[in-house]
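So the chains spell out like this:
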Amino acid sequence: MSVTVRLPTIMRSHAGGQSEVKAEGATIGEVVNDLVRQFPGTATHLKAPDGGVHKFVNVYLNDEDVRYLQKLDTPVKEGDQVSILPAVAGG
Amino acid sequence: MLHLTTETWQAMVAHALDGFPDEACGLLAGATPDQGEVFVPCANVDRSSRSFSLGPDAWQAVDELDGRGLAVLAVVHSHTHTEAYPSPTDVAQAANPFIGGWRWVLVSLKRPEPVVRSYRIDGEAIDEEEVVLIDR
């Protein structure tokens, strides 16, 4: 499955300056892993030490936050848009 | 020192009041590092009186601001029942590498008269800077 992944500004320098890239996978987790495989520099901001997604990152599938779907196990379809967004929050 | 146009101050306070009883959030931007010229109200995807999270609309706004030659200076959010001072949650979240250099601007609605204050948070250190209103 090929999907489009939108990258936040801070990650674009690790992907040749591109704001959107293509990545492969059947789930969000696989897409994230493929992104890191293609662009290893994104791992710093994307991956947590436990292998999950960094706490300061949210991943959206089309317009849905995957935390409210099936997280990294959320399936993706051909042509879906995945967005990597900084997770800015407070209280 | 953070300079704010009166319009920007009013827009931030109005958005905080609109969002009440939930916390409201948004982005403050400007063409120069110390002058907030534009406030972009954003959705609080938490829809909570105790927390806020920026959502996709905020990042779309960042790209649009960039296209206009404006940089984000601060993340702005309201405290509905507490002072305009960063909460422990705010301090923990300020370590976010994606927003390095951004100020934290707080709008408190605790009292009848809203209060706006600006801070830089570096680790556990919270440094307030003066907010000065200017006429454009």
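I will try to describe carefully the structure that is included in this document. (Residues numbered from 1 in each chain as written. Chains lettered and ligands numbered in written order. Predicted model: local features only at pLDDT ≥ 70, side-chain atom pairs only at ≥ 80, totals over all residues.)

Residue and element names in this part refer to chain B. Strand order in this open sheet of three strands is S3-S1-S10, and the pairing throughout is parallel. Looking at strand neighbours, the two that pair on one side only are strand S3 (35–36) and strand S10 (131–134), the edges of this open sheet. As defined by bridge partners, strand S1 (residues 2–5) adjoins S10 across four bridges and the pair is classed as parallel. Bridge pairing links Thr5 to Ile134 in S10. Along the sheet, helix H1 (residues 6–19) contacts S1, S3 and S10; its crossing angle with S1, the most-contacted strand, is approximately 85 degrees. (Pairing = 2+ DSSP bridges. Helix = DSSP H or I, 4+ residues; strand = E, 2+ residues; numbered from the N terminus. Contact = placed C-beta atoms within 7 Å. Axes fitted to C-alpha atoms, helices over the stretch in contact; angles between N-to-C directions.)

Mapping Leu17(B) onto the fold places it in helix H1. It is 23 Å that separates the C-alpha atoms of Leu17(B) and Glu130(B), two residues lying 113 residues apart in sequence.

With that settled, consider the pairing of strand S3 (residues 57–61) of chain A. All names here are of chain A. Along S3, five of the five residues are buried, which leaves the element largely enclosed by surrounding structure. The side-chain alternation of S3 yields two buried faces, one formed by Val57, Val59 and Leu61 and the other by Asn58 and Tyr60. Here S3 pairs with strand S5 (residues 81–86) via five bridges, running antiparallel. Bridge pairing links Leu61 to Val82 in S5. Pairing geometry for S3 and strand S4 (residues 64–65), over two bridges, is antiparallel. In the sheet register, Tyr60 faces S4, and the bridge partner there is Asp65. (Buried ≥ 20, exposed ≤ 12 C-beta atoms within 10 Å, placed from the backbone.)

Residue and element names in this part refer to chain B. Taking 1.5 Å of rise per residue, the 14 residues of H1 would be expected to cover 20 Å, and the 20 Å separating its terminal C-alpha atoms lies within 8% of that figure. If you check which residues of H1 are buried, you get Thr8, Ala11, Met12, His15, Ala16 and Gly19. For H1, the arc enclosing every buried residue in end-on projection is 130 degrees, short of the 170-degree limit, so these residues lie on one face. Those residues of H1 that are exposed and aimed more than 90 degrees away from the buried face are Thr6 and Asp18. (Expected span 1.5 Å × (residues − 1). Arc of directions from axis to C-beta.)

What follows concerns helix H2 (residues 56–67) of chain B. Residues lying three or four places apart along an α-helix face the same way, a consequence of the helix completing one turn every 3.6 residues. Over its 12 residues, H2(B) runs 17 Å from end to end, which matches the ideal 16 Å to within 8%, given 1.5 Å per residue. On its buried face, H2(B) sits against S5 of chain A together with strand S2 (25–30), strand S4 (38–42) and strand S6 (71–79) of chain B. Once H2(B) ends, the next one or two residues include Gly69(B), with phi positive near 80 degrees.

A few words on the sheet that holds strand S7 (residues 103–108) of chain B. Residue and element names in this part refer to chain B. Spatially, the six strands line up as an open sheet ordered S4-S2-S6-S7-S8-S9, and their pairing is mixed. This sheet does not close on itself; its edge strands, each paired only once, are S4 and strand S9 (125–129). Between one strand and the next, the sheet's axes are offset by a mean angle of 30 degrees, whatever the strand orientation. Two strands pair when backbone bridges link them, and strand S8 (residues 115–122) and S9 are joined in this way by five bridges, in the antiparallel orientation. Counterpart to Ser118 in the pairing with S9 is Glu129.

Residue and element names in this part refer to chain B. Of the pairings in the sheet, the one linking S7 to S8 comprises five bridges and is antiparallel in character. Counted as the bridge partner of Ser108 is Val115 from S8. Counting the residues in the hairpin turn of S7 and S8 gives six residues. In this antiparallel pair of consecutive strands, S8 and S9, the connection spans two residues, and Gly123 shows a positive phi of 65 degrees.

Let us look at the nonpolar core. Ranked by size, the top nonpolar core spans 58 residues in total, and within it Val5(A), Val31(A), Val82(A), Leu27(B) and Val76(B) carry the most contacts. Counting residues per element, this core draws most heavily on S6(B), at five residues. Not counting the four nearest positions on each side in its chain, Val76(B) is found in contact with Met12(B), Cys25(B), Gly26(B), Leu27(B), Leu28(B), Phe39(B), Val105(B) and Val107(B). (Core = buried A, V, L, I, M, F, W, Y, C linked by C-beta atoms within 7 Å.)

This brings us to the interface of chain A and chain B. The partner chain B presents 17 residues to the 14 residues of chain A that form the contact. Sorting elements by how many residues they give to the side of chain A that touches chain B places S5(A) first, with three residues. With two bridges connecting them, strand S6 (residues 89–90) of chain A and strand S5 (residues 52–53) of chain B associate as antiparallel partners. In the sheet register, Ala89(A) faces S5(B), and the bridge partner there is Ser53(B).

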